Amino acid sequence: MSDVQGPLPTGVQQLEPEDAPATKTRRRRGGDPAPKVKLGPGRWFREIGWRHVVGVLAVLWALFPVSYLVSASLNPLGSVVTSTMIPRTFSFSNYSELINTQPFFTWARNSLVVCVSVVVIQLLFSALAAYAFSRMRFTGRRGGLLALLLIQMFPQFLALVALYLMFTRIGEAIPVIGLDSLPGYILMLCGGSLGQVWLIKGFFDTIPMSLDEAAMIDGASHVQVFFRIILPLVRPILAVCGLLVFVGVIAEFLMASIFLRDSSKKTLATGLYGLIDADRSNNLGVFAAGAIMTAIPVVLLFLYLQKFIVGGITAGGVKG
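Please read these numbers as outputs of a predicted model, since none were measured by experiment. (Residues numbered from 1 in each chain as written. Predicted model: local features only at pLDDT ≥ 70, side-chain atom pairs only at ≥ 80, totals over all residues. Heavy atoms only, no water.)

Novice: How would you explain the packing of helix H4 (residues 104-135) against helix H7 (residues 182-189) if you had to name every residue and give the values?
Specialist: Look at H4 against H7: their axes get within 10 Å of each other, and the N-to-C directions meet at 35 degrees. Note that H4 runs across H7; the crossing there is right-handed. Contacts from Asn110, Val113, Val114, Ser117, Val118 and Gln122 in H4 reach Leu182, Tyr185, Ile186 and Leu189 in H7. Classifying every residue of the contact of H4 with H7 by side-chain character gives 7 nonpolar, 3 polar and no charged. (Axes fitted to C-alpha atoms, helices over the stretch in contact; angles between N-to-C directions. Helix = DSSP H or I, 4+ residues; strand = E, 2+ residues; numbered from the N terminus. Left-handed = near helix turned anticlockwise from the far one by under 90°. Contact = heavy atoms within 4.5 Å. Nonpolar A, V, L, I, M, F, W, Y, C, P; charged D, E, K, R; others polar.)

Structure representation (structure tokens):
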């Protein structure tokens, strides 16, 4: 039955759309919301609750070594026997001893120089190689990609003897990039500059070729297309790769323990190992304090780049 249109009686005011009842104006565009299903305790645990239990166990498993390390750093006795998972006494004596008696900031400066240099060089070379593999078609392209993948499967220490002999000879001719020098150590780590090619190439493949073609029609060269158009669009994957390289370099110990022997040239990994290697029991507190101070900038960097991590890894890993 249709409504009758006509003048309203005296004293009755017609409602404007904004004056309509809230139940009508606040209705969802997709229609009425789905009715809530009340689950019983058994069904809730089978469908949802077990996930919370697994998550809590994973968090406790991850926090166990961290809590022990924090407890050891705050333990004034600083020995293995007196350290517990929950600290009984609190003191910052281990931190003050580390700063005042050990060249901790020298090790931190060396690590920062090495990490920043290696991250910049590795990202630049990996991005250039990924651009070539993604945008150009040339003979040996498929073989080159497979060779990069195959080389990454070999562990690093297989090349240890060859690198040691090579940098010994180089140091005799050019001492500044030989053994026991930071430039030589940086040059050695840059040997893995193409380790991020596959991840970055996958992200490059998601960018339409029409952008390159439009820029080249306007007269842009490959260098201008790479630096001014493509590179700003791949910042998420560059952030992810940079974080992975930074964490790997700051924790690198095997090569650093062989290449860097002088105390003024050591990084955080080799310097802190020297503390616990000299007196494994009594220096545990100082070692734990150094480990905590080393982990803080890495955690802050991870939190800052967290918004890029999920999107960068998934976008780079979907299309190869």
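Novice: Account for the environment of Asn283, with residues named and values stated.
Specialist: Looking at the element boundaries, Asn283 is found in the loop between helix H13 (268-278) and helix H14 (284-304). The spatial distance from the C-alpha of Asn283 to the C-alpha of Leu98 is 9.9 Å, given a sequence separation of 185 residues.

Novice: Provide a residue-level description of the confidence of the model for the protein, including the pertinent values.
Specialist: Residues of the protein with pLDDT of at least 70 account for 83%, and the chain-wide mean is 81. The secondary-structure element of the protein with the lowest mean pLDDT is helix H1 (residues 22-25), recorded at 45, while H4 shows the highest, at 92. Note that pLDDT drops below 50 for residues 1-26; the model gives that stretch 4 contacts with residues more than four away or on any other chain. (pLDDT = per-residue confidence, 0-100.)

Novice: Pulling in residues and values, what's your account of the pattern of salt bridges?
Specialist: Per the stated rule, a full pass over the model turns up 3 salt bridges. With its nearest N and O atoms 2.9 Å apart, the salt bridge here joins Glu47 to Arg43. Of this pair, Glu47 and Arg43 both sit in helix H2 (residues 41-74), separated by 4 residues, roughly a single helical turn. (Salt bridge = Lys/Arg side-chain N within 4 Å of Asp/Glu carboxyl O.)

Novice: Go over H2, please, and point to the residues and values.
Specialist: Its 34 residues give H2 an end-to-end C-alpha distance of only 43 Å, which falls more than 12% under 50 Å, the value for a rise of 1.5 Å per residue. Helix geometry: H2 is bent most strongly at Ile48, by close to 55 degrees. Within the sequence span of H2, burial applies to Gly49, Ser71, Ala72, Ser73 and Leu74. The inward-facing, buried residues of H2 contact helix H3 (93-101) and H14. (Expected span 1.5 Å × (residues − 1). Bend = angle between axes of the 7 residues up to and from the residue. Buried < 20%, exposed > 50% of the residue type's maximum accessible area, 1.4 Å probe, protein only.)

Novice: How would you sum up the nonpolar core? Please name residues and give values.
Specialist: One finds Val114, Tyr185, Met188, Phe204, Val234 and Phe259 to be the most contacted residues of the largest nonpolar core, which totals 54 residues. Among the elements that line this core, the one with the most residues is H4, at 12 residues. Val240, Leu243, Leu305 and Ile309 belong to the second-largest nonpolar core, a separate cluster that totals 5 residues. (Core = buried A, V, L, I, M, F, W, Y, C linked by side-chain atoms within 4.5 Å.)

Novice: Lay out a nonpolar patch on the surface in plain terms, naming residues and giving numbers.
Specialist: On the surface, Trp44, Phe45, Ile48, Trp50, Val53, Val54, Val56, Leu57 and Leu60 cluster together to form a nonpolar patch covering roughly 840 Å² of accessible area. Counting through the fold element by element, Val56 comes out in helix H2. On the basis of relative accessibility, which here comes to 48%, the residue Val56 falls in the partly exposed class. (Patch = residues over 30% accessible without salt bridge, like charges linked within 9 Å, V, L, I, M, F, W, Y side chains within 5 Å. Areas by Shrake-Rupley, 256 points an atom, 1.4 Å probe, with all protein chains shown as cover.)

Novice: Report on the environment of Met166, specifying residues and quantitative values.
Specialist: Tracing the backbone through its elements, the reader meets Met166 in helix H6 (residues 160-173). Separated by 13 residues in the primary sequence, Met166 and Leu179 place their C-alpha atoms 9.6 Å from one another.

Novice: I'd like to hear about the UniProt feature "transmembrane region" (unreviewed entry) in the protein, residue by residue, with values.
Specialist: As recorded in UniProt, the sites labelled "transmembrane region" (unreviewed entry) are residues 48-70, 111-133, 145-167, 182-200, 237-260 and 284-305. Helix makes up 100% of residues 111-133 and strand 0%, with an end-to-end C-alpha separation of 32 Å. Secondary structure within residues 237-260 divides into 83% helix and 0% strand; the distance between the first and last C-alpha atoms comes to 32 Å. (UniProt positions renumbered as here; feature names shortened; annotations may be inferred.)

Novice: Outline the packing of H4 against helix H11 (residues 235-250), supporting the account with residue identities and numerical values.
Specialist: Between two packed helices, what matters for the description is the angle formed by their axes and the separation of those axes. Contact geometry for H4 and H11: axes closest at 9 Å, N-to-C directions at 140 degrees. Classified by the angle between their axes, H4 and H11 sit oblique to one another. At the point where H4 passes H11, the crossing takes the right-handed sense. Touching Ser111, Val114, Cys115, Val118, Val119, Gln122 and Leu123 of H4 are Leu238, Cys241, Gly242, Val245, Phe246, Val249 and Ile250, all from H11. Across the contact of H4 with H11, the residue classes tally to 11 nonpolar, 3 polar and no charged. (Parallel < 35°, antiparallel > 145°, perpendicular 65-115°, else oblique.)

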